[in-house]
Amino acid sequence: MKTAIKFWCIIIVSLAVSCKKQTLSERDYIRYVEENENGLVKTVDIGDLRYKVQYKPHDYILAHELKGGNDSERLSRLNQMKGTAWFNITIARPGKGESPLRYNVSSLEEYNHRYNYFLTAAARDLALAYGGDTLFPISYHFETSYNLAPVETMIVGFGLPADSVAGQNMQLIFYDRVFNNGIIKTSFTKESLQSIPQVTL
Amino acid sequence: MFSKNSRLLIYSTLIAILLNGIVYFILHKEQKKIAVVDAVKLFSEYNMKKELEKQASAGLLYYERQMDSLKREFQMKGANSEEAKSIVAVYQTMQANLDNEYKGSNQAINEQVWKRLNPLLEQFGKEQNLHLIIGANGMGSVLYNDDYFDLTNEVIHYVNTKYENGN
């Protein structure tokens, strides 16, 4: 009887420990979020272009923004981000050293048209399918590299209807009107979102 | 237990089965694998094509509504009035714009869809160890094929899964 009780106590404690979320240091946490295997970054190759969509958990954003910040700053920033989901969408030409804005461009006018599209109009072609809803951006920013890097980055944020952090299946949708590659979709499962570890400071 | 003749019969049967298996395996491996895909059905059933058409139809709807308004105005003014003549001119311009928009969006959708489908078809062929995929477009490229070579539904499922999950 005592042996049986000890046995079941060990089983219950082992299960409890294994169910607890993994905790990582800030550097390991960033690496975890950026690794392909963990399902938080997706890549779509179409022709010469590579679209990479990185989901950015709130702690990931904080790890980049607040280096050495105090707890109150962290809490304040976390409260600001509550109920939002953020993504970086990068467009690059693998193996080429020039910005994709210059890809197959025939004139300065065309280049300016592309540049202006990404600065102002691209937000209209972004959406997030979250749960059963389709959400549109609440914030958009085009991080131009001024042709100093062979990538262009869009930063987009969406307001979640009910959740404080993203925890359901979601799909980011981008209609690429500049490079005529159609609609690009990348899916993030709820399992990969719910498995995101916590970060130790 | 078994007589000599029975044992001989059993052994020769087993050897015959084994030889048949080896020959079948060799022939099957050497056989060129070919697939036929209904290109028209594939194009129509591709989810990206349906979504692009839905987006394009919103722009075309604008022109159609404008033209409906002009028709109503024309009917109210009467066919012989001066205003009616200018309405007709505007209507014809709008009709031309609608036709151009329709042709342009169709062409753009075609290009974008095949730009995405072609590499997926290549990927599908490699994964299925196919040597040839023939696209039947109803214009005589494939006059007849039975279900043995037809992989249309499998290809449609494959490309739509890749599209929804990111490719």
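The structure reproduced in this document is the subject of the present report. A quick note: this is a predicted structure, and the numbers were derived from the prediction, not measured.

### Here's the deal with the overall build of chain B
- Of regular secondary structure, chain B possesses five helices and two strands.
- Going from the N terminus to the C terminus, chain B shows its helices and strands as α-β-α-α-α-β-α.
- In terms of C-alpha radius of gyration, chain B reaches 30 Å, well past the compact-globule figure of 15 Å for 167 residues.
- In terms of overall dimensions, chain B has a C-alpha envelope of 110 × 30 × 25 Å along the principal axes.
- Looking at the 167 residues of chain B, the share that counts as buried comes to 24%.
- Contacts spanning at least 24 positions in sequence make up 83% of the contacts within chain B whose residues lie at least 6 apart.
- Per element, the accessible surface of chain B, about 12000 Å² overall, is 57% carbon and sulfur.
- Mean positive and mean negative side-chain charge positions of chain B (19 and 20 charges, respectively) differ by 8 Å.

### Some thoughts on the packing of aromatic side chains
- Scanning the model with the defined rule gives 15 aromatic pairs over all chains in all.
- Taken together, a centroid distance of 6.2 Å and an interplanar angle of 15° make the contact between tyrosine 111 of chain A and tyrosine 115 of chain A stacked. Of this pair, tyrosine 111 of chain A and tyrosine 115 of chain A both sit in helix α5 (residues 108-121), four residues apart, roughly one helical turn.
- Judged by relative accessible area, tyrosine 111 of chain A falls into the buried class, the value being 15%.
- Aromatic pair tyrosine 148 of chain B and phenylalanine 149 of chain B: ring centres 5.0 Å apart, planes at 80°, arrangement edge-to-face.
- Relative accessible area serves as the criterion here: at 32%, phenylalanine 149 of chain B is assigned to the partly exposed category.

### Here's the deal with helix α5 (residues 152-165) of chain B
- With 14 residues, α5 of chain B ought to run about 20 Å at 1.5 Å a step, and its terminal C-alpha atoms sit 20 Å apart, in line with that.
- Regarding α5 of chain B, the residues found buried are Thr152, Val155, Ile156, Tyr158, Val159, Asn160 and Tyr163 of chain B.
- Packing partners of the buried residues in α5 of chain B comprise β10 (182-188) of chain A together with β1 (34-38), α2 (39-45), α3 (47-77) and α4 (82-127) of chain B.
- Glycine 166 of chain B, located one to two residues past α5 of chain B, shows a positive phi value of around 115°.

### What to know about the nonpolar core
- Membership of the largest hydrophobic core comes to 48 residues, with the highest contact counts inside it found for Tyr55, Phe87 and Phe118 of chain A.
- Setting aside its immediate chain neighbours within four residues, phenylalanine 87 of chain A contacts Val53, Gln54, Tyr55, Lys56, Leu128, Met154, Ile155, Val156, Phe158, Met170, Leu172 and Phe188 of chain A.
- Leu52, Leu117, Ile156 and Val159 of chain B belong to the second largest nonpolar core, which has 25 residues in total.

### Some words on a nonpolar patch on the surface
- A cluster of nonpolar side chains, Phe2, Ile10, Tyr11, Leu14, Ile15, Leu18, Leu19, Ile22, Phe25 and Ile26 of chain B, forms an exposed patch at the surface whose accessible area comes to about 1000 Å².
- Tracing the sequence through the fold places tyrosine 11 of chain B in helix α1 (residues 4-30).

### Looking at the packing of α3 of chain B against α4 of chain B
Residues and elements named next belong to chain B.
- Viewed as axis vectors pointing N to C, α3 and α4 meet at an angle of 175°, and their least axial separation amounts to 10 Å. By the angle between their axes, α3 is roughly antiparallel relative to α4.
- Across the contact of α3 with α4, the residue classes break down as 18 nonpolar, five polar and nine charged.

### Comments concerning the pairing of strand β8 (residues 151-159) of chain A
All names here are of chain A.
- Extensive coverage of β8 is indicated by the burial of seven of its nine residues.
- Alignment of strand β4 (residues 84-92) against β8, held across nine bridges, turns out to be antiparallel. Paired with tryptophan 86 across the strands is glycine 157, a residue of β8.

### Points about the interface of chain B and chain A
- Across the boundary between the two partners, chain B contributes 12 residues, which contact 16 residues of chain A.
- Taking both partners together, chain B and chain A bury about 1200 Å²; carbon and sulfur atoms supply 44% of that area.
- At the junction of chain B with chain A, the criterion picks out two salt bridges.
- Linking glutamate 164 of chain B and lysine 185 of chain A is a salt bridge whose minimum nitrogen-to-oxygen distance equals 3.1 Å.
- Viewed at the interface, chain A and chain B are joined by 11 residue pairs in polar contact (both at pLDDT 80 or more).
- Taken together, the elements giving at least two residues each to the side of chain B that touches chain A come down to α3, α4 and α5 of chain B.
- Ranked by residue count, the leading element in the side of chain B that touches chain A is α3 of chain B, at four residues.

### Let's talk about α5 of chain A
All names here are of chain A.
- Over its 14 residues, α5 runs 19 Å from end to end, which matches the ideal 20 Å to within 8%, given 1.5 Å per residue.
- Residues of α5 that are buried include every one of Tyr111, Arg114, Tyr115, Tyr117, Phe118 and Ala121, and no others.
- In this fold, the buried residues of α5 make contact with β4, β7 (137-143), β8 and β9 (170-176).

Definitions and cut-offs
- Residues numbered from 1 in each chain as written.
- Chains lettered and ligands numbered in written order.
- Predicted model: local features only at pLDDT ≥ 70, side-chain atom pairs only at ≥ 80, totals over all residues.
- Heavy atoms only, no water.
- Helix = DSSP H or I, 4+ residues; strand = E, 2+ residues; numbered from the N terminus.
- Rg over C-alpha atoms; globule rule 2.2 N^0.38 Å.
- Buried < 20%, exposed > 50% of the residue type's maximum accessible area, 1.4 Å probe, protein only.
- Contact = heavy atoms within 4.5 Å.
- Areas by Shrake-Rupley, 256 points an atom, 1.4 Å probe, with all protein chains shown as cover.
- Lys, Arg positive; Asp, Glu negative; His and termini not counted.
- Charge placed at Lys NZ, Arg CZ, Asp CG, Glu CD.
- Phe/Tyr/Trp six-rings, centres within 6.5 Å; stacked < 30°, edge-to-face > 60°.
- Expected span 1.5 Å × (residues − 1).
- Core = buried A, V, L, I, M, F, W, Y, C linked by side-chain atoms within 4.5 Å.
- Patch = residues over 30% accessible without salt bridge, like charges linked within 9 Å, V, L, I, M, F, W, Y side chains within 5 Å.
- Salt bridge = Lys/Arg side-chain N within 4 Å of Asp/Glu carboxyl O.
- Axes fitted to C-alpha atoms, helices over the stretch in contact; angles between N-to-C directions.
- Parallel < 35°, antiparallel > 145°, perpendicular 65-115°, else oblique.
- Nonpolar A, V, L, I, M, F, W, Y, C, P; charged D, E, K, R; others polar.
- Pairing = 2+ DSSP bridges.
- Buried area = accessible area lost by both parts, 1.4 Å probe.
- Polar contact = N/O pair within 3.5 Å; in protein donor to acceptor, adjacent residues only side chain to side chain.

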